[in-house]
Amino acid sequence: MNLNFSDEQNLLREQIQKFCNSDYDFYDRENFINTESGFDSEKWKLFAEQGWLAMPFKSDSGGFDFGPIELSILFEEFGKFLVLEPYLSNIVLSGFILDNSNFDKKNEYISKLISGDEQISLAYMEHNRNYDYKNLSCTLDGDDSLVLNGTKNLVLNGPNADHFLVTASHNDDMKIVIIDKNTKGLSVNNFKTVDDRRISQLNFENVSVEADHVVSSGDEAELLMKDAINYGTLCVSAEAVGSMESCYLKTVEYTKSREQFGQPISNFQVLQHKMVDMFIESELCKSLLYKSMIDVHENNDSKYRSVAALKSQVGISGKKVGEDAVQLHGGMGVSEEMSIGHYLKRFIAIDSQFGNSHFHLKKFNNS
Amino acid sequence: MELSFSAKDLEFRDEVRSFLANEYPKHVAEKVENGEPLTKDDIVDWHKSLSNKGWMGYNWPVEYGGTGWTPAQIYIFQNELGLAGCPTLIPFGVSMVGPVIYTFGNQEQKDRFLPDILNFDTWWCQGYSEPGSGSDLASLKTKAELVNEDGKDFYIVNGSKTWTTLAQNADWIFCLVRTDSSGKKQEGISFLLIDMNSPGIEVKPIITIDGDHEVNSVFFTDVKVPAENLIGEEGKGWTYAKFLLAHERFGIAGVGASKRQLERLKEISKDLGDEDLIAKVSQLEIDIMALEFTELRLLSALEGGGNPGAESSILKIKGTEIQQRLTELYVEAAGEFAIPYGGPDGYGSNVKPNGPEYTNDALSKYLNMRKVTIYGGSNEIQKNIISKFVLGV
């Protein structure tokens, strides 16, 4: 039993922290929120240059063979700074599926992901399916030459994607296919999210898919989806843990500097205990994170159950910590120009993603 | 990082399990299982079984007769006891005064008191709180005055202590007493060991809302205590008391015992088919998992040579909240059978009301467990500690 990070892992954290501290200023970030892509392409290049985009890929695919522990470190640090860059959609979700598939051409796509030259989004959610990735209304018909029809919703980072990994049912089997953004018959609607990210709705109308664009089929495809979603759920939870830590630290700092009744408001015990509660929530979630990331790392049977526990708790605690942080910042907490309200919006988005806390509580109980 | 314990630790765990299967007194186990109250003899028998095994000093160094176990072994030991439903170890000797004596006491005191603690031949109780001094412990007023009679030094003790757990069973009491009122309130406090058979001591029961006699008032009227019973230096008692509190906090989370109660509650809620209760129990299971891994994180830090500080107050706060939550959900599961009250004096009838077995002590446990967020430094005090030492406000 050992819940201490290795020296290498601590170094990785320091490296990410150093970068975010010097290059991820909140006001600078604000400028990119309103661009078309919603993030800074120069930073994405820097991520690539530092090797971060290669982290979780297998060495055969040109990666570093890093696993869920290192990714959790990365996302925890990203969460502290509300990093916008589309690591989750490209590297965690699409990257995981490609890297673990038997797709012939996977290295072509992976090398462009790693270099940062191309982006790939995973399109798996559909209308009114309540987080169920298996029962699909998108269909693939035909044998050698396939035809794709249907609609995908809430495709993360969709507007910036060059390709989409799309799930669809083919004779009652699941298939994952890769589709170019300029394919005939694909129409895209783009949206902004509450937390300033970009998502898309994809409509496929008789889109023809060549057989060599099938990434995975059947049980393998289902398992890839299950594990990719579990991985993504772990990463956004790690991000929420980082955000919670920032929230209580920023709140402590703010209450120490804000004076009312002739003294810093941090002198008031009501506020102190609320901040202690924020700290405790954050630490308890961190403990669940450690348990989950090691379960995923060790590939234990319990990995889905512990991630469900983590995500359920992060959904509740994130919102609570975010709401308390806003409350203790007073009017400043609801000002768009302050970072604190942006954390709350991110907590809400994270809770909604991959199943909210209610969904994961049930999943935890049923597994 | 890895989740499983080492092969050596797992071997140790099996040794603890085999001890519990074979040497944990059966008559005690049965009473605990049936939710029946334990007598003083039951509690002594349970502790003696540990003494006979050489495990009473489970958290002591070898040189004082302890096991010399690693933090991981201590954790496993406590966890297994909790999982097996063993009665809580009486902490006053082995976890409280013992470590104070071997750390700050002189050789004569070590020789005189430590063996009896390890054999559970002496029952200790704790003389800290006073009617006017609860959370503000340093304001205590029980006075000890040094006098010389026939060439021998004595302290004459006057005052009272309260909430003294199981003082009715105790042979000795360790007390914080005031030996000086002139300076800062923390600086005039001394740590004194007092024989409960001394003339001038009176123990009066306090009956708590569960109907039980667990705590007492202890009154001291001109009690004559030999000066050799002073631990360390006069006026340094506050330092020793703080040391003791830090010693007490680890293991206070009670994860093993809570897990055992949770498992039973899971079965009950599923049998009842109450979806609302099932969801509440699931949430509690996640809370316990979070607490368990918080404790393991602190344990890992400790094993890695670190020194977990005020963070361990989380264990007290969350551990006790969970213990209370468990009893709340048992009461909820009991439904209308929560009201027939089977406290220490029975139901006022020679038959039991015909509710399910688990309803019998649901409410008495609920009422009894209100204490846990109050004692050992109330949870509000714990939050003050985190606020000051972790958040720095």
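If you're wondering where the values come from, they're calculated on a predicted model, not measured in any experiment.

A count of helical and extended segments in chain B gives 12 helices and eight strands. Here the C-alpha radius of gyration of chain B, 22 Å, is about what a compact globule of 393 residues would show, namely 21 Å. The C-alpha extent of chain B, read off along each of the three principal axes, is 75 × 55 × 50 Å. Across the 393 residues that make up chain B, the buried fraction comes to 38%. Taking all contacts inside chain B whose residues are at least 6 apart in sequence as the whole, residues at least 24 apart take part in 70%.

Glancing now at the overall build of chain A. A tally of regular secondary structure across chain A gives 11 helices and 10 strands. For 367 residues, the compact-globule estimate of 2.2 N^0.38 gives 21 Å, and the C-alpha radius of gyration of chain A, at 21 Å, lies within 12% of that figure. Within the span of chain A, comprising 367 residues, buried residues form 50% of the whole. In chain A, 73% of the contacts between residues at least 6 apart in sequence involve partners at least 24 apart.

Residues and elements named next belong to chain A. Here Asn 153 is to be found in strand β3 (residues 146-156). Using a count of 18 C-beta atoms within 10 Å as the deciding quantity, one classes Asn 153 as partly exposed. In the structure, Asn 153 is positioned 48 residues away from Gln 201 in sequence and 4.6 Å away in space, judged by C-alpha atoms. In this structure, Asn 153 is in contact with Met 125, Glu 126, His 127 and Gln 201, ignoring residues within four places of it in sequence.

On to the domain arrangement of chain B, then. When the parts of a complex come together, some accessible area is lost, and that lost area is often used as the size of the interface. Residue and element names in this part refer to chain B. For chain B, the domain assignment lists domain 1 (7-89), domain 2 (124-235) and domain 3 (250-391). Computed over C-alpha atoms, the centres of domain 1 and domain 3 are 20 Å apart. Counting from both sides, the interface comprises 13 residues of domain 1 and, opposite them, 13 residues of domain 3. For the side of domain 1 that touches domain 3, the per-class residue count stands at six nonpolar, six polar and one charged.

Bringing the pairing of strand β1 (residues 120-123) of chain A into the picture now. Residue and element names in this part refer to chain A. Alternating positions in β1 separate into two faces, Ile 120 and Leu 122 on one and Ser 121 and Ala 123 on the other, with burial throughout. Here β1 pairs with strand β4 (residues 163-170) via four bridges, running parallel. The partner of Ile 120 across the bridge, within β4, is His 163.

With 14 residues, helix α4 (residues 68-81) of chain A should cover 20 Å at 1.5 Å per step; its first-to-last C-alpha distance of 20 Å lies within 8% of that length. Extensive coverage of α4(A) is indicated by the burial of 13 of its 14 residues.

A word on the environment of B:Pro37. Within the secondary structure layout, B:Pro37 lies in the loop between α2 (26-33) and α3 (40-53). Along the chain, B:Pro37 and B:Ser139 lie 102 residues apart, while their C-alpha atoms are 36 Å from each other.

Low pLDDT marks stretches whose predicted atomic positions should not be read closely. Of the residues in chain B, 98% have a pLDDT of 70 or more, and the chain-wide mean is 94. Scored by ipTM, the complex comes to 0.96, with pTM at 0.96.

Residues and elements named next belong to chain B. For strand β5 (residues 189-195), the tally of buried residues reaches six of seven residues, placing the bulk of the element in the interior. Examined bridge by bridge, strand β4 (residues 172-178) and β5 share seven bridges and lie antiparallel to one another. Pairing of Ile 173 across the sheet is with Ile 194, part of β5. The pairing of β5 with strand β8 (residues 230-231) spans two bridges and is classified as antiparallel. In the strand pairing of β8, Phe 191 is matched with Ile 231.

Another aspect to go through is the nonpolar core. Note on soluble globular proteins: their nonpolar side chains tend to be buried together. Core analysis: the largest hydrophobic core is formed by 198 residues, its most contacted members being A:Ile97, A:Leu148, A:Leu165 and B:Leu192. Looking at this core, the element that brings in the most residues is helix α7 (residues 218-257) of chain A, giving 16 residues. What A:Ile97 contacts, discounting residues up to four positions off in sequence, is A:Leu122, A:Leu165, A:Ile176, A:Val215, A:Leu224 and A:Ala228.

Residues and elements named next belong to chain A. Taken domain by domain, chain A consists of domain 1 (7-115), domain 2 (120-219) and domain 3 (221-366). With 20 residues of domain 1 at the contact, the number on the domain 3 side is 23 residues. Put simply, the parts of the chain that give the side of domain 1 that touches domain 3 at least two residues each are α4 and α5 (87-100). Tallied by class, residues from the side of domain 1 that touches domain 3 come to 12 nonpolar, five polar and three charged.

With that settled, the discussion passes to the interface of chain A and chain B. On the chain B side, the residues contacting the 30 residues of chain A number 29 residues. For the side of chain A that touches chain B, the elements supplying multiple residues, two or more each, are α7, α8 (269-297), α9 (303-328) and α11 (357-366) of chain A. For the side of chain A that touches chain B, the element with the most residues is α8(A), which contributes 14 residues. Here the residues of the side of chain A that touches chain B sort into 16 nonpolar, nine polar and five charged.

This next bit is on the packing of α9(A) against helix α9 (residues 275-303) of chain B. Running from amino to carboxyl end, α9(A) crosses α9(B) at an angle of 100°, the nearest separation of the two axes being 10 Å. It follows that α9(A) is roughly perpendicular to α9(B) by the angle criterion. Contact residues: α9(A) offers A:Ala309, A:Ser312 and A:Gln313, while α9(B) offers B:Ile286, B:Met289 and B:Ala290. The residue inventory of the contact of α9(A) with α9(B), partitioned by class, reads four nonpolar, two polar and no charged.

We now examine unusual backbone geometry. All names here are of chain A. The phi dihedral of Leu 154 is positive, around 50°, even though this residue is not glycine. On the secondary structure map, Leu 154 appears in strand β3. A positive phi angle, near 70°, is found at Asp 172, a position not held by glycine. Summarising the element assignment, Asp 172 is placed in the loop between β4 and β5 (173-180).

All names here are of chain A. Direction vectors running N to C along α8 and α9 enclose 160°, while the axes themselves pass 9 Å from each other. Judged on the interaxial angle alone, α9 and α8 are roughly antiparallel. Like other packed secondary-structure pairs, α8 and α9 cross with a definite hand, here left-handed. Partitioning the contact of α8 with α9 into residue classes produces 13 nonpolar, five polar and seven charged.

Quick notes on the rules
Residues numbered from 1 in each chain as written. Chains lettered and ligands numbered in written order. Predicted model: local features only at pLDDT ≥ 70, side-chain atom pairs only at ≥ 80, totals over all residues. Helix = DSSP H or I, 4+ residues; strand = E, 2+ residues; numbered from the N terminus. Rg over C-alpha atoms; globule rule 2.2 N^0.38 Å. Buried ≥ 20, exposed ≤ 12 C-beta atoms within 10 Å, placed from the backbone. Contact = placed C-beta atoms within 7 Å. Domains from an automatic or database assignment. Nonpolar A, V, L, I, M, F, W, Y, C, P; charged D, E, K, R; others polar. Pairing = 2+ DSSP bridges. Expected span 1.5 Å × (residues − 1). pLDDT = per-residue confidence, 0-100. Core = buried A, V, L, I, M, F, W, Y, C linked by C-beta atoms within 7 Å. Axes fitted to C-alpha atoms, helices over the stretch in contact; angles between N-to-C directions. Parallel < 35°, antiparallel > 145°, perpendicular 65-115°, else oblique. Left-handed = near helix turned anticlockwise from the far one by under 90°.

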